[in-house]
Structures are given as structure tokens and as C-alpha cells.
Amino acid sequence: MRKKTRLLAVLFLLIPLAMTFAGGTSAKSGASKLRTFAVIYPVIHPVFEPVNEGAQEKAKEMGVNVEFHGPDVADPAQQIQIVENLIAKRVDGIAIGPTDSAALTPLINRAIERGIKVLCFDTDAPQSNRAGYIGTINLNFGRHMGEVLGQTLNGKGNVLVSQGVATQQNLIERLQGVKEVCSQKYPDIKFIDEQSGAGDPNRTLANIENMVKAHPDFDALIGIDAAAGPAAAIVWKAQGLKQPVIVGDDTADIIQGVKDGYITYTIAQNQYVWGQKIVEELNDLCDGKSIPESFDAGTRAVDGKNVWTTAQYNK
């Protein structure tokens, strides 16, 4: 009887060990509990729909869970609350596009201190301890836009600027890249008015209407965030304007604006690839692997000539 009791005791000790080693690389503490990764957008917007698709497909392939969050307006306070909730929930990894890099850096660092893997996408928080960045090198995005602008205006003209969230690092860098190219290669291009729409479609529309009215002799408009393209198309259609419009991103309404001739060029990104890389790199971090400091998915210019043969986004 004693031998049987000792045998049962040994078996009960071995069962937890067996369960521990049964878990695969996608499991947090056992085979039944999959890793959970959270994607936090700067703001909920159609421009990020390809990120959802890419991340969901990669998560299914790798056997992990992925969830999506974001403020309904570009509000750092909402993002902070989202991160705090995810820290309390003890997710395994977070990918965040910070609305305000300085404001979110302490939260990113706190999540990392709690053992959560964190990387940035779309817009960076370079002063934080995040493991890496995925998206577009936004200075290069801006340089691409600046080159398209310079060639479209033959190197000379007065330009209106519709900026997005004034504190958002990626948008700051985009405009910096535009101005850098123009100052070096096209010094006769002047930026005569610059208004921030803070990512709000109505405010962006009002800003563009006001700039057009205040500067009837302008030669082109550039839009730095995804709200600018649809707003510009509305104004150009309503007022019959013919000046070039060069914007960013490839949401359905921006692509339609290109097709309709109201948007001259849009500098499109590759957000689907971002989603794939987010899940892949967070999983690598959880497996103890290293990831690149940054991953640049690149940009492409879409105009009336190639819009009919170009997918809304590239897989």
C-alpha cells in the first residue's frame, strides 16, 4: 500500500512538469494558452485596415492571438489608458503607433519592465526602450513626396500644406523630408501656408477651404496625413480647382480621388506587410530572438496612369 501511495505521489509531481514542456513556442504557460499580441493604432482609421488583414493572417498561420485597439480621435490620453489596460491584462506583446511619442514613452517602458515585448509601427518612439520599428522610414516618405512635388511643379511654385496631428512623429518627419528635398533641389518652391487638421476630417476640410480662399494664387496642395486626400477631393470637386494635389496613403476614397482626377498623386505605403511583420517580430521577441532595429516596407507613387492597374495595397 505504501509503495502504491509513493507511486501516485511521484506521478502527481511529474504531471505539471509534463504540461510545462508540452507547450509550443506560441504558448505562454501551457499548450492551451496562446500568446496574445495587441496592436494599438494612433487613431481608428481605414488606412490601417490592411494592417488588420496582414496581422490576422500571420497570427492564424503562427497560432497566436491578435487584437486591435485605438482611440476614436488622435488623443494621447486614450492611448495611455489602452496601454495601461493591456499591461493589467498581461498580454505578451504590444505594437503601438504612438500619437505623441514623448507622452507614450513612459508607458512603453513600463510595459517592457512588466515583461511585455513592445515594438512601434507607423510612427516611432525612438527615445523609448521599444525593441524595434516597423513601417515606413518617414523621412524617406517625405523625400519621395518632395521629389514628386518638385517634378510636378517643374521646380517652382507656392504650396499649401495640410498637416495632420502636430505631435505625431511620423507626420513631423514626412513634412521634414518634403522640405529637405525642396530646399536642396527645388529652392523656388515656397510653402506659404500650413494648417494642422489633427486627424479630424471636418477640421481638415475646413482648413483646406480656408487656405484656398486665403491664397487664390497657390500652385499646389500637399497633404501629409490620410485625412487630407478625401478633404482635398471634396474641395476640388466643389470649386472646380485644377492645381495639383499630392497626398499620402491609399484608402478607398483617396484611390477614388485619383481615379476621378481630383488627386494628382498619392504616396502609398505597404500596411499589409506591416501587419505581417508585427506578428512575426513580436513572436520572435517572445522566443528570445533578436529583431532588426527598423524595417522599412517602402512607398510607391500612385497617379492617374497606374491607379487602374495598382492594387489598393500590395501584399
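Anything mentioned here points back to the structure above.
The model shown is predicted, which means the values in this text are computed figures rather than measured ones.

Draft legend 1. Quick peek at the layout of surface pockets. Quantified by volume, the largest pocket comes out at close to 330 Å³. Looking at the lining of the largest pocket, the elements that each hand over two or more residues are α6 (169-185) and α10 (271-286). Among the elements that take part in the lining of the largest pocket, α6 stands out by supplying three residues, more than any other.

Draft legend 2. Local environment of the packing of helix α5 (residues 138-152) against α6. One way to put it is that α5 packs onto α6 with a least axis distance of 6 Å and a crossing angle of 45°. Put simply, α5 runs oblique to α6. When you trace α5 past α6, the crossing you get is right-handed. Within the contact between the two elements, α5 uses Asn-138, Leu-139, Phe-141, Gly-142, Arg-143, Met-145, Gly-146, Glu-147 and Leu-149 and α6 uses Asn-170, Glu-173, Arg-174, Gln-176, Gly-177, Val-178, Glu-180, Val-181, Cys-182 and Lys-185.

Draft legend 3. Quick peek at the environment of Ala-232. Considering the arrangement of structural elements, one finds Ala-232 in helix α8 (residues 228-239). The sequence separation of Ala-232 and Ile-254 amounts to 22 residues, and the corresponding C-alpha distance is 9.5 Å. Beyond its immediate chain neighbours, meaning those up to four positions away, Ala-232 contacts Ile-208, Leu-221 and Val-245.

Draft legend 4. Structural view of the pattern of salt bridges. Here the structure, examined in full by the defined rule, presents 14 salt bridges. A salt bridge links Asp-250 to Arg-300, with the shortest nitrogen-to-oxygen separation between them at 3.3 Å. You can see Asp-250 sitting in the loop between β9 (245-248) and α9 (252-260) and its partner Arg-300 sitting in strand β12 (residues 300-303), a full 50 residues away along the chain. Just as Asp-250 is buried, Arg-300 falls in that class too. A single salt-bridge network, built from bridges that share partners, covers Lys-58, Glu-61, Lys-277, Glu-280 and Glu-281.

Draft legend 5. The arrangement of unusual backbone geometry in detail. Although it is not a glycine, Arg-90 adopts a positive phi angle of roughly 65°. Tracing the backbone through its elements, the reader meets Arg-90 in the loop between α3 (76-89) and β3 (93-96).

Draft legend 6. Structural detail: the packing of aromatic side chains. All chains considered together, the criterion is met by five aromatic pairs. Ring centres of Tyr-41 and Phe-48 lie 4.6 Å apart, and the angle between their planes is 15°; on these two criteria the pair is classed as stacked. Taken as a pair, Tyr-41 and Phe-48 share a single burial class, namely buried. Taking 5.8 Å as the distance between ring centres and 80° as the angle between the ring planes, the aromatic pair formed by Tyr-41 and Phe-121 counts as edge-to-face. Separated by 80 residues along the polypeptide, Tyr-41 in the loop between β1 (36-40) and α2 (49-62) and Phe-121 in strand β4 (residues 117-121) bring together distant segments of the chain. The same class applies to Tyr-41 and to Phe-121, which are both buried. Counting every residue linked through ring pairs, the aromatic cluster contains Tyr-41, Phe-48, Phe-68 and Phe-121. In this structure, Arg-174 packs its charged tip against the face of Phe-141, placed 3.9 Å from the ring centre. Residue placement shows Lys-179 over the ring face of Phe-191; its charged tip is 5.8 Å from the ring centre.

Reading the values: rules and limits
Residues numbered from 1 in each chain as written. Predicted model: local features only at pLDDT ≥ 70, side-chain atom pairs only at ≥ 80, totals over all residues. Heavy atoms only, no water. 1 Å grid on protein atoms, 1.4 Å probe; cavity = no way out; pocket = protein on both sides within 12 Å on 5 of 7 lines; lining within 4 Å. Points joined across faces, edges and corners; volume = space filled by probe spheres on them. Helix = DSSP H or I, 4+ residues; strand = E, 2+ residues; numbered from the N terminus. Axes fitted to C-alpha atoms, helices over the stretch in contact; angles between N-to-C directions. Parallel < 35°, antiparallel > 145°, perpendicular 65-115°, else oblique. Left-handed = near helix turned anticlockwise from the far one by under 90°. Contact = heavy atoms within 4.5 Å. Salt bridge = Lys/Arg side-chain N within 4 Å of Asp/Glu carboxyl O. Buried < 20%, exposed > 50% of the residue type's maximum accessible area, 1.4 Å probe, protein only. Phe/Tyr/Trp six-rings, centres within 6.5 Å; stacked < 30°, edge-to-face > 60°. Lys NZ or Arg CZ within 6 Å of the ring centre and 35° of its normal.

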